[in-house]
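Secondary and tertiary structure notes
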Amino acid sequence: MGADEKIPEVKKKILCLHPSETQKKAYCTPTKVESLLSCVFDGEIRIESLAVQEVQEFVWSQLQQMRCDHLRKLNPTPYKVALSENLHDFMHDMLKKEVPIKPII
C-alpha cells in the first residue's frame, strides 16, 4: 500500500491486479484486514527487541495460518499475489525507469 492509499475495509470490494499479467484483474472482498507494516527505526529504534523464542513462536503461528498445499515440499501450490491499482502502476513505472536497456548486437 502506498502512503496515499486508503486502508482496505472488511466486506468492501477492491480491485486487485496480477503483478506481471496486466490483463488479469479481479474484484476481491476482504474478510479480514491486518496491518503488516510497522516502523521499527526512525532515527532511533522504535520497538522493543524480542527474545529469539518469541520471534520463533510468532513465525510458527504465521506459518500455521498458511494452507498446507503452499508449504508442502513436493509440488507446492504457488502462492498468489495481487496488487492494488496504485501499487501495480508504481511497480511498472519504476521498472520502466530503472531496468537497463541492453543494446542489440
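Here we take up the overall build of the chain. Per the secondary structure count, the chain includes three helices and two strands. The order of α-helices and β-strands along the chain, N terminus first, is β-β-α-α-α. Within the chain, buried positions represent 9% of all 105 residues. By sequence separation, contacts in the chain at least 24 residues apart represent 37% of the contacts at least 6 residues apart. As displayed, the chain has an accessible area near 10100 Å², and 59% of this comes from carbon and sulfur atoms. Separation between the mean location of the 15 positive side-chain charges and that of the 15 negative ones in the chain comes to 11 Å.

Before going further, it helps to examine the packing of aromatic side chains. Counted according to the given criterion, the structure contains zero aromatic pairs. Sitting above the plane of the Tyr27 ring, Lys13 keeps its charged end 4.5 Å from the centroid.

Another point: the pattern of salt bridges. This model, assessed by the stated rule, comprises five salt bridges. One salt bridge connects Glu21 with Lys24, and the closest N-O pair in it is separated by 3.5 Å. Classification of Glu21 by relative accessible area gives partly exposed; the value is 31%. For Lys24, a relative accessible area of 44% gives the class partly exposed.

Moving on, we come to unusual backbone geometry. Within the chain, Lys11 stands out as a residue other than glycine whose phi angle is a positive 65 degrees. Here Lys11 shows up in the segment before β1 (14–17). Unusually for a residue other than glycine, Asn75 sits at a positive phi of about 55 degrees. Among the secondary structure elements, Asn75 is positioned in the loop between α2 (68–71) and α3 (85–98).

Turning our eyes to something else, we now look at a nonpolar patch on the surface. On the surface, a cluster of nonpolar side chains totalling about 980 Å² of accessible area is made up of Leu50, Val55, Phe58, Val59, Trp60, Leu63, Met66, Leu71, Tyr79 and Val81. Looking at the nonpolar patch element by element, the count peaks at five residues for helix α1 (residues 52–64). With respect to the helices and strands, the residue Leu50 is situated in the loop between β2 (25–28) and α1.

Reading the values: rules and limits
Throughout this document, residue positions are counted from 1 along each chain, in the order its sequence is written. Owing to the predicted nature of the model, reporting of local features is limited to residues with pLDDT of at least 70; listing and counting of side-chain atom pairs is limited to 80 or more, with chain, interface and lining totals taken over all residues. As a rule here, side-chain values cover all heavy atoms of the structure and leave hydrogens and water aside. What counts as a helix is a DSSP run of H or I of at least four residues, what counts as a strand is a run of E of at least two, and both are numbered from the N terminus. Relative accessibility decides the category of a residue: with a 1.4 Å probe and only protein chains considered, values under 20% of the type maximum give buried, values over 50% give exposed, and everything between is partly exposed. Only heavy atoms matter for contacts: two residues are in contact if any of them lie within 4.5 Å across the pair. Where accessible areas are quoted, they stem from the Shrake-Rupley method and a 1.4 Å probe; at the residue level, only the protein chains shown are allowed to cover. When charges are counted, Lys and Arg are positive and Asp and Glu negative, with His and the chain ends excluded. Note that the charge is assigned to NZ on lysines, CZ on arginines, CG on aspartates and CD on glutamates. For this analysis, a ring pair means two rings from Phe, Tyr or Trp (six-membered ring only for Trp) whose centres lie within 6.5 Å, classed as stacked if their planes differ by under 30 degrees, edge-to-face if by over 60, and tilted for the remaining angles. A ring has a charge above it when a Lys NZ or an Arg CZ is no more than 6 Å from the ring centre and no more than 35 degrees off the ring normal. Any Lys or Arg side-chain nitrogen found within 4 Å of a carboxyl oxygen on Asp or Glu counts as a salt bridge. Each patch groups residues whose relative accessible area exceeds 30% and which form no salt bridge, using 9 Å between like charges and 5 Å between nonpolar side chains of Val, Leu, Ile, Met, Phe, Trp and Tyr.

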